[in-house]
Amino acid sequence: MSNNGPRAQSFNRVYITGIQGKRFDISIRDGVFHSIAESSGPVPDEGTVPAQDLWISPGIIDLHTHLAWTDFDHTDQLKRDIQEIEEMQARALEATLRTGVTTARDAGGLLPGTAQHLVQTYQVPLRVHTSSEMLGAADAKGTIHLDQRLKQIYDTGAGWVKIMATGGLGAPTEKVTDPVFSEEEFSFIVRHAHEHGKRVLVHTWGGVTVDWSVDAGVESIEHGMFLTESQAGRLAESGVAFVPTTSIYRIAADPKGVLALNPVICDRAARAAEAHSNAIAYAKRAGVQIGFGTDYATPALHGYNLQELDTLMDYGLTRAEAWQAATGNAAEILGWGHRLGRIAEGYIADAVIFDADPYMVDDADSLRKHIVSVLTGAREL
Ligand SMILES: [Zn+2]
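Quick caveat: nothing in here was measured; it's all calculated off a predicted structure.

Draft legend 1. Structural detail: the overall build of the protein chain. Looking only at helices and strands, the protein chain features 13 helices and 14 strands. In terms of overall size, the protein chain behaves like a compact globule, its C-alpha atoms giving a radius of gyration of 21 Å where 381 residues would be expected to give roughly 21 Å. Overall, the C-alpha framework of the protein chain stretches about 70 × 40 × 40 Å when taken along its three principal axes. By the burial criterion, 54% of the 381 residues in the protein chain qualify as buried.

Below, the structure is given as structure tokens:
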């Protein structure tokens, strides 16, 4: 189903997702889009090539996955043997790629060496960007400790530093936005990371750590359901991206859903999901750069990543905005907007081929069924 970029490939008279009424002839060379031209000449007779209409979209970029986690509760993973864990991780990568996600930013748990091992050993050409071990409550011990921790993290080769700035589903709703670090510690981490050429993503449900994120100039905040209208304005102004990971809270809120969490957690997730639609509305109105991320972390969720498009649209994004969040915006947030996320000449040929117009299908389930193939282009990042 996926294909690690033959040297040359071409598609004739295909549609580009989101561009209505025009067909294109597209050629790929050495894993890069070589030429893209609007199709000309007479429509071929019926029965000749193309036998069916096809649509091409840039590969989806999921900015928030946890590909190394196999269980909702980490203690359950510790009961598994190493080989089983590795095979489950490989299946997570495969399922993610098969659903059209060609690039994933792992938001914690997957070491760069493990990612590389999985990609090579299991021949899954997913592009994986990795984060540090998450810096959280156990690291709120002052800047001397943080300096040492960060140096250890840089040694692993991770490109992103992940700060757990607030609680999450494990915290009671009235305390969930309390900061985990002091402001001094928080800004120290961001400055330190930037000085070492790393990018920073911040888990925050809202509150003062959103303001700290803007002040320190992080690359993205994650979740952010309790974002206020004025904070949305500040994010937009300062160019800090917002990766809301909306669908996971809706899934977690459903006691009969695939996560089947206990009622206390379901209730917290439901309140988070309710707040999210406001956060998305504020962000959209202010012009915040919104990125697509799922926070999917278990075998029941990997491979269903496209559900995030549905939730983003339910919360007020247009279809074009949701797809932009998953392609062009996400590439920019990764710092790869000049090479990834578009069907354009000179761009890396990561793409999804559909046999129906992705803008016309009902939902993610149906979209998934219309995937014909997933292409991954040049391996240069
Ligand atoms: Zn996460």
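Draft legend 2. The arrangement of the coordination of the zinc ion in detail. Summarising the metal site, the zinc ion is bound by the protein donors His64 (NE2), His66 (NE2) and Asp295 (OD), whose distances to it range over 2.1 to 2.2 Å. Motif for the zinc ion, donor spacing along one chain: H-x1-H-x228-D. Residue histidine 64 is found in strand β6 (residues 60-65), and its partner aspartate 295 is found in the loop between α9 (263-286) and α10 (307-314); the two are separated by 231 residues along the sequence. The exposure classification of histidine 64 matches that of aspartate 295, with both residues buried.

Draft legend 3. A look at the sheet that holds strand β12 (residues 241-243). Pairing is parallel in the open sheet, where four strands are placed in the order β9-β10-β11-β12. Either end of the sheet is taken by a strand with one partner, and the two such strands are β9 (160-164) and β12. Strand-to-strand twist in this sheet, taken as the mean axis angle between neighbours without regard to direction, amounts to 25°. Relative to strand β10 (residues 199-204), β9 runs parallel, the two sharing five bridges. Bridging across to β10, valine 161 finds its partner in valine 200. Where helix α5 (residues 183-195) meets the sheet, it contacts β9 and β10, and its direction lies at approximately 175° from that of β9.

Draft legend 4. Just empty space enclosed by the protein, in detail. Using the criterion set out here, one finds one cavity of 30 Å³ or more in the structure. Of the pockets and cavities examined, the largest cavity occupies roughly 50 Å³. Every residue along the wall of the largest cavity is listed here: Leu309, Asp310, Met313, Arg319, Trp323, Pro358, Val361, Asp362, Asp363, Ala364 and Leu367. Only α10, α11 (319-326) and α13 (364-369) provide two or more residues apiece to the lining of the largest cavity. For the lining of the largest cavity, the element with the most residues is α10, which contributes three residues. Residue classes in the lining of the largest cavity are distributed as seven nonpolar, no polar and four charged. Residue contributions to the lining of the largest cavity reach at least three from each of two domains, namely domain 1 (2-58 + 342-375) and domain 2 (60-334).

Quick notes on the rules
Residues numbered from 1 in each chain as written. Predicted model: local features only at pLDDT ≥ 70, side-chain atom pairs only at ≥ 80, totals over all residues. Heavy atoms only, no water. Helix = DSSP H or I, 4+ residues; strand = E, 2+ residues; numbered from the N terminus. Rg over C-alpha atoms; globule rule 2.2 N^0.38 Å. Buried < 20%, exposed > 50% of the residue type's maximum accessible area, 1.4 Å probe, protein only. Donors = N, O, S within 2.8 Å, 3.2 Å for Na, K, Ca; no water. Pairing = 2+ DSSP bridges. Axes fitted to C-alpha atoms, helices over the stretch in contact; angles between N-to-C directions. Contact = heavy atoms within 4.5 Å. 1 Å grid on protein atoms, 1.4 Å probe; cavity = no way out; pocket = protein on both sides within 12 Å on 5 of 7 lines; lining within 4 Å. Points joined across faces, edges and corners; volume = space filled by probe spheres on them. Nonpolar A, V, L, I, M, F, W, Y, C, P; charged D, E, K, R; others polar. Domains from an automatic or database assignment.

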